[in-house]
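Chain by chain, the residues:
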Amino acid sequence: MSVFYHVFTHHLRQVLQYRGALLLSLFLHPLIMVFHTLMFKGIYEYNHKQTLLGYTLPQMIWYFGSIHFFYYLVWNNIDKSINEKVLYGGFEVQLLKPFSIMAWEFSQLASQKILSAIIEFVPVYLIYYFICFPDFMSVTGLCQYLILSVLALIQFFLMGFTMGILSFKLNNLTFLNSIKFIIVNIFAGAAFPIEFFPEILKKIILLLPFHYLYYTPVQFLLGKVNIGMWRVFSNCFMLQIIWILVFFFIARTVLNRTMKSYMSVGG
Amino acid sequence: MRVIKLFGLDIKNKFQRAIEFRLNFIITLIISLCYNTALPIFQFFIFKGINGFPGWTVEEVILFQAVLLFWTGIIEFLFGGVRNNISKEVLHGGFDRVFLWPHHPLVSIFTRGVDVFAFLTVVAGFAGIMIVSFRLGIQMSWYTLLLFILFLFCGIVFYVSLLIIYCALTVLLIKMDRLQEVLDKIFFFGSFPVDLYHGFGKIFFLVIFPSALWIHIPSKVLLGGVDEISFYSVITSLLFFMCAVLFWEYQVKKYTSSGG
């Protein structure tokens, strides 16, 4: 806990150093929301429909607006950071620290995300709220979304960590990075709702674990799931926990095997 | 001419470097193509999921997507690494080197941003335009071709202007993760026909902030239905470029180095 506290305060100081960039994002993300509103308004008007593929206009606008929440709360670049340490040296320094590499990386990410939640998610959420009033949203739905997003954060961390550790075998991870983008944008539904896919593709995507990263949590936020039925939420919760355990097992196995064959030529 | 030579050198270097990691190179080429194809596929699913886009038939939207793929390939190939390079240089303290190189800093930054992995996307996009144009029976006159190249060039100029602003802001604010997302979003909006917007929204993307130069206007040129108002975007793209360069110069004047 003490380690986590130090990592957290260290990261807080770092973020406050770059406050200009933060203010810029608070201004630009709502502007993007306005353009989403204009674009989807045009599409809905042209189609003369109240709902498109089950989404009302405000729900569609919020679906695309909430992608920024995914970046605030879930997204990480752990793979890139580990890959750079492997490529340019510095990994052995990490191994000398008195805690496991997984715990270190996770505590750093967690502190970063807690800060993002406070200084980015909350203000942008409030601004969105005034730009496009979410008549479909409830406090319960928001809480369920946040709980599932925390699990998504852990799942995405384990995925990124495994990819990063694979740098030992593959040296250069550019292609794995591209795969990560495809996973997030298509299989997790960050680029567009899964409903846009043909039925067969949709079924395949829903069988894979990646939709828990964005698509499933956001369904609770948009009130598309009956939030009163806690059974639905607990099913999603349990399934996501199972997938997290699977990813944890994979990450541990890859890490242990890699560490067994790791050799450093230190100076 | 010198800029083209520098681009050529960077392409050669990057290809040589990429080939060192052969497996990674081949897989990344394919993955990059798949990734860049994702946006046209997404558009197609949206188009199918709703009653289409106003004023666009299915065949025309396929041509639009081929232009989108070609455009994505070109900008990724030429400038795919610019954002990462400038962020890395500024964050890790290597930015001063840019001023030591013999060319203008912007030339040095932009001619080192080639991403060779997007090569296959350019080829796929070009082939797509040829095939769909043939299927649509488009008569490609010299005038159409020149107009297509002119608008595409102005689109690149406008895109470069945005990248210059990004670089200038990075010099000032250092950590720009969120601005990268914003730039991607701007590109996302530019990848839809501007006919989706009404009134001010349409004029905004056609003239004031001419992202329509990237895909919408070149596609319209091929289809032979370019609006007169589109020609104003040529002027605004050049104005954007001049303002971006002035903004860069202003930011660089404020920059102080603490390097050794």
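Residues numbered from 1 in each chain as written. Chains lettered and ligands numbered in written order. Predicted model: local features only at pLDDT ≥ 70, side-chain atom pairs only at ≥ 80, totals over all residues.

Once that is clear, we can look at the overall build of chain A. Helix and strand counts for chain A stand at 13 helices and two strands. Its C-alpha atoms give chain A a radius of gyration of 20 Å, near enough to 18 Å, the size a compact globule of 267 residues would have. The principal-axis extent of the C-alpha atoms belonging to chain A is close to 70 × 45 × 35 Å. In chain A, buried positions account for 36% of the 267 residues. Of the contacts made within chain A by residues no fewer than 6 positions apart, 82% connect residues no fewer than 24 positions apart. (Helix = DSSP H or I, 4+ residues; strand = E, 2+ residues; numbered from the N terminus. Rg over C-alpha atoms; globule rule 2.2 N^0.38 Å. Buried ≥ 20, exposed ≤ 12 C-beta atoms within 10 Å, placed from the backbone. Contact = placed C-beta atoms within 7 Å.)

This part takes up the overall build of chain B. Per the secondary structure count, chain B includes 12 helices and zero strands. N-terminal to C-terminal, the α/β element order of chain B is α-α-α-α-α-α-α-α-α-α-α-α. With the C-alpha coordinates of chain B rotated into their principal frame, the extents come out at 60 × 45 × 35 Å. Across the 260 residues that make up chain B, the buried fraction comes to 39%. Within chain B, counting contacts between residues at least 6 apart in sequence, those at least 24 apart form 82% of the total.

Let us look at helix H8 (residues 139-165) of chain A. Over its 27 residues, H8(A) extends 39 Å from the first C-alpha to the last, a length consistent with the 39 Å expected when each residue adds 1.5 Å. Across the 27 residues of H8(A), 19 count as buried, placing the element largely inside the fold. (Expected span 1.5 Å × (residues − 1).)

On average, residues of chain A score 84 in pLDDT, and 92% of them are at 70 or above. The secondary-structure element of chain A with the lowest mean pLDDT is helix H1 (residues 2-17) of chain A, recorded at 71, while helix H12 (residues 215-221) of chain A shows the highest, at 94. (pLDDT = per-residue confidence, 0-100.)

A few words on unusual backbone geometry. Backbone geometry at Leu53(A) places phi at a positive 50 degrees, although glycine is not the residue there. The residue Leu53(A) is located in the loop between strand S1 (51-52) and strand S2 (55-56) in this model.

So, about the packing of helix H10 (residues 200-208) of chain B against helix H12 (residues 232-254) of chain B. Residues and elements named next belong to chain B. Packing of H10 against H12 brings their axes to within 8 Å, and their N-to-C directions diverge by 60 degrees. Contacts between H10 and H12 involve Leu206, Val207 and Ile208 on the former and, on the latter, Tyr232, Ser233 and Thr236. Class assignment of the residues belonging to the contact of H10 with H12 gives a composition of four nonpolar, two polar and no charged. (Axes fitted to C-alpha atoms, helices over the stretch in contact; angles between N-to-C directions. Nonpolar A, V, L, I, M, F, W, Y, C, P; charged D, E, K, R; others polar.)

Take the nonpolar core next. By size, the foremost hydrophobic cluster in this structure holds 117 residues, and its most contacted members are Phe70(A), Leu213(A) and Val67(B). Here this core takes 14 residues from helix H3 (residues 58-79) of chain B, the largest share from any one element. (Core = buried A, V, L, I, M, F, W, Y, C linked by C-beta atoms within 7 Å.)

What follows deals with the environment of Leu213(B). Residue and element names in this part refer to chain B. Inspection of the secondary structure assignment puts Leu213 in the loop between H10 and helix H11 (216-223). The buried category is assigned to Leu213, around which 27 C-beta atoms lie within 10 Å. The sequence separation of Leu213 and Phe231 amounts to 18 residues, and the corresponding C-alpha distance is 9.7 Å. In contact with Leu213, not counting residues within four places along its chain, are Phe151, Cys154, Gly155, Phe158, Ser233 and Ser237.

Residue and element names in this part refer to chain B. Counting through the fold element by element, Phe119 comes out in helix H7 (residues 119-136). For Phe119 and Leu179, which are 60 residues apart along the polypeptide, the C-alpha to C-alpha distance reads 26 Å. When near neighbours in sequence (up to four residues on either side) are disregarded, Phe119 contacts Leu29 and Phe77.

Bringing the environment of Asn13(B) into the picture now. Residue and element names in this part refer to chain B. Topologically, Asn13 is positioned in helix H1 (residues 2-20). Taking the C-beta count within 10 Å as the criterion, Asn13 has 13 such neighbours and is therefore assigned partly exposed. For the pair Asn13 and Gly125, spaced 112 residues apart in the sequence, the C-alpha separation amounts to 24 Å.

Here the focus is the packing of H3(B) against H11(B). All names here are of chain B. One way to put it is that H3 packs onto H11 with a least axis distance of 9 Å and a crossing angle of 130 degrees. On the basis of their axis angle, the class for H3 and H11 is oblique. Here H3 and H11 pass one another in a crossing that is right-handed. Where H3 approaches H11, its residues Glu60, Leu63, Phe64 and Val67 are matched on the opposing element by Pro218, Ser219, Leu222 and Leu223. Of the residues assigned to the contact of H3 with H11, the class counts are six nonpolar, one polar and one charged. (Parallel < 35°, antiparallel > 145°, perpendicular 65-115°, else oblique. Left-handed = near helix turned anticlockwise from the far one by under 90°.)

What follows deals with the confidence of the model for chain B. Summary statistics for chain B give a mean pLDDT of 84 and a share of 95% for residues scoring 70 or more. Note on the complex model: pTM 0.81, ipTM 0.71.

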